[in-house]
Amino acid sequence: MSPGVSVTFSAMSDFGPPFSLRGVSASGCLIAVEGLDGGGKTTIVDALALAIERCGFSVVKTRIPSTAFRATQLFRDIHDPAADPPDSLAFEVSYMADRIQHCRSVIDPALRKGAVVISDRYLFSSIGSLLLKRPELASAALQAVCDAAWFSDLCRYLATPHIWLLLSAQADVLVRRLEARNDPNDSGIDPEHYQILQERFRHLATRQGLIEIEASGPVERTLSKCMETIAPFLRGLRARHGN
């Protein structure tokens with residue numbers, strides 16, 4: 001990790017107030033699952049969707065960044081070490097625009113229909129292992145979530161999750177999971193540096209009120225912890241729907 005990234009990580013302890021997202025008046029429920037790469041977000045989102053459907057709810061799974069944004073040249077270039085790096089601020093602004101558009105076109109309509117929407121990543125989706133390999137991106141991404149006025153202002157266009165989870169695990173566990181993917185983009189991550197990023201992410205999540213779920217163990221254990229957190233809200237949702 002470059003000295004510049006290290007300094008930026010250290011600065012992440014200087015947070016302002018929590019971001020203000022807009023309220024949700026629809027009859028559905030938004031569950032957001034955040035965390036670093038290797039934390040098991042996608043696996044848990046799939047498992048949660050199945051478990052909640054079995055409870056009789058209509059479930060919509062989604063992810064941020066959206067499939068459309070992942071297909072853009074900008075997104076492909078930022079993940080390609082051989083490509084000329086795009087402007088990092090432009091990437092972060094585009095990323096936020098994708099969040100807003102995805103919320104308006106996918107999440108909001110599903111919530112109005114009364115569905116339980118489960119999002120694989122959400123507001124903090126740009127914080128991940130890529131930051132350890134792209135110092136210029138790390139600076140822009142972390143500056144955005146720390147104190148950039150534009151980022152804070154645009155948060156008001158995003159729906160507030162009813163349940164906001166942070167999956168966390170020790171860095172050595174996360175790195176082993178990444179290496180098991182056999183993807184060049186997931187290789188060469190220093191556990192010590194990843195742990196620093198994990199701690200900063202945890203600090204940021206605590207400020208925003210996310211519920212931390214320890215996810216180092218088996219999927220079944222993590223799923224059980226998540227369902228324990230979600231179950232009271234689902235009971236309230238069922239009562240409101242008159243089921």
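Shown above is the structure to which this text applies.
The structure presented is a predicted model; accordingly, all values stated were derived computationally and were not measured.

Draft legend 1. Representation of the packing of aromatic side chains in the model. Considering all chains together, one arrives at eleven aromatic pairs under this definition. Ring plane angle 35° and centroid distance 5.9 Å describe the contact between F69 and F91, whose orientation is recorded as tilted. One end of the pair, F69, is in helix 3 (residues 67-70); the other, F91, is in helix 5 (residues 88-112), with 22 residues separating them in the sequence. Taken as a pair, F69 and F91 share a single burial class, namely buried. In textbook terms, an aromatic cluster arises when at least three aromatic residues are bridged by ring pairs, as seen for F19, Y122, F124, W150, F151, W164 and F201. The cationic tip of R207 hangs over the ring face of F19; the distance from NZ or CZ to the ring centre is 4.5 Å.

Draft legend 2. View of the sheet that holds strand 1 (residues 29-34). In space, the five strands of this open sheet follow the order 2-3-1-4-5, with parallel pairing throughout. The outermost strands of the open sheet, each flanked by one partner alone, are strand 2 (59-63) and strand 5 (211-214). Here the average twist between neighbouring strands, direction ignored, is 25°. Where strand 4 (residues 163-168) lies against strand 5, four bridges are found, and the strand directions are parallel.

Draft legend 3. Region of the structure containing the packing of helix 2 (residues 41-54) against helix 10 (residues 219-241). Where helix 2 meets helix 10, the axes come as close as 10 Å, and the angle between the chain directions of the two elements is 50°. Considering their axes alone, helix 2 and helix 10 lie oblique with respect to each other. In the packing of helix 2 onto helix 10, the handedness of the crossing is right-handed. Residue-level contacts link T43, I44, A47, L48, A51 and I52 of helix 2 to V219, T222, L223, C226, M227, I230 and L234 of helix 10. Partitioning the contact of helix 2 with helix 10 into residue classes produces eleven nonpolar, two polar and no charged.

Draft legend 4. Main features of the side chain of D37. Here D37 lies in the loop between strand 1 and helix 2. For D37, the side chain forms a polar contact with the side chain of R121, separated by 2.5 Å. When residues no more than four places from it in sequence are discounted, the contact partners of D37 are R121, G128, S129, L174, L178, R181 and Y194.

Draft legend 5. The arrangement of the nonpolar core in detail. Y122, L123, F124, I127, F151 and Y194 are the most contacted members of the largest nonpolar core, which totals 51 residues. Put simply, the parts of the chain that give this core at least two residues each are strand 1, helix 4 (73-78), helix 5, helix 6 (135-147), strand 4, helix 8 (171-180) and helix 9 (191-208). The element best represented in this core is helix 5, accounting for eight residues. With residues up to four places along the chain from it excluded, the contact list for Y122 reads L21, L30, A32, E34, I64, R99, C103, I107, L158, A159, P161 and W164. Judged by nonpolar contacts, the second largest core, of 25 residues, contains I31, A49, C226 and L234.

Definitions and cut-offs
- Residues numbered from 1 in each chain as written.
- Predicted model: local features only at pLDDT ≥ 70, side-chain atom pairs only at ≥ 80, totals over all residues.
- Heavy atoms only, no water.
- Phe/Tyr/Trp six-rings, centres within 6.5 Å; stacked < 30°, edge-to-face > 60°.
- Helix = DSSP H or I, 4+ residues; strand = E, 2+ residues; numbered from the N terminus.
- Buried < 20%, exposed > 50% of the residue type's maximum accessible area, 1.4 Å probe, protein only.
- Lys NZ or Arg CZ within 6 Å of the ring centre and 35° of its normal.
- Pairing = 2+ DSSP bridges.
- Axes fitted to C-alpha atoms, helices over the stretch in contact; angles between N-to-C directions.
- Parallel < 35°, antiparallel > 145°, perpendicular 65-115°, else oblique.
- Left-handed = near helix turned anticlockwise from the far one by under 90°.
- Contact = heavy atoms within 4.5 Å.
- Nonpolar A, V, L, I, M, F, W, Y, C, P; charged D, E, K, R; others polar.
- Polar contact = N/O pair within 3.5 Å; in protein donor to acceptor, adjacent residues only side chain to side chain.
- Core = buried A, V, L, I, M, F, W, Y, C linked by side-chain atoms within 4.5 Å.

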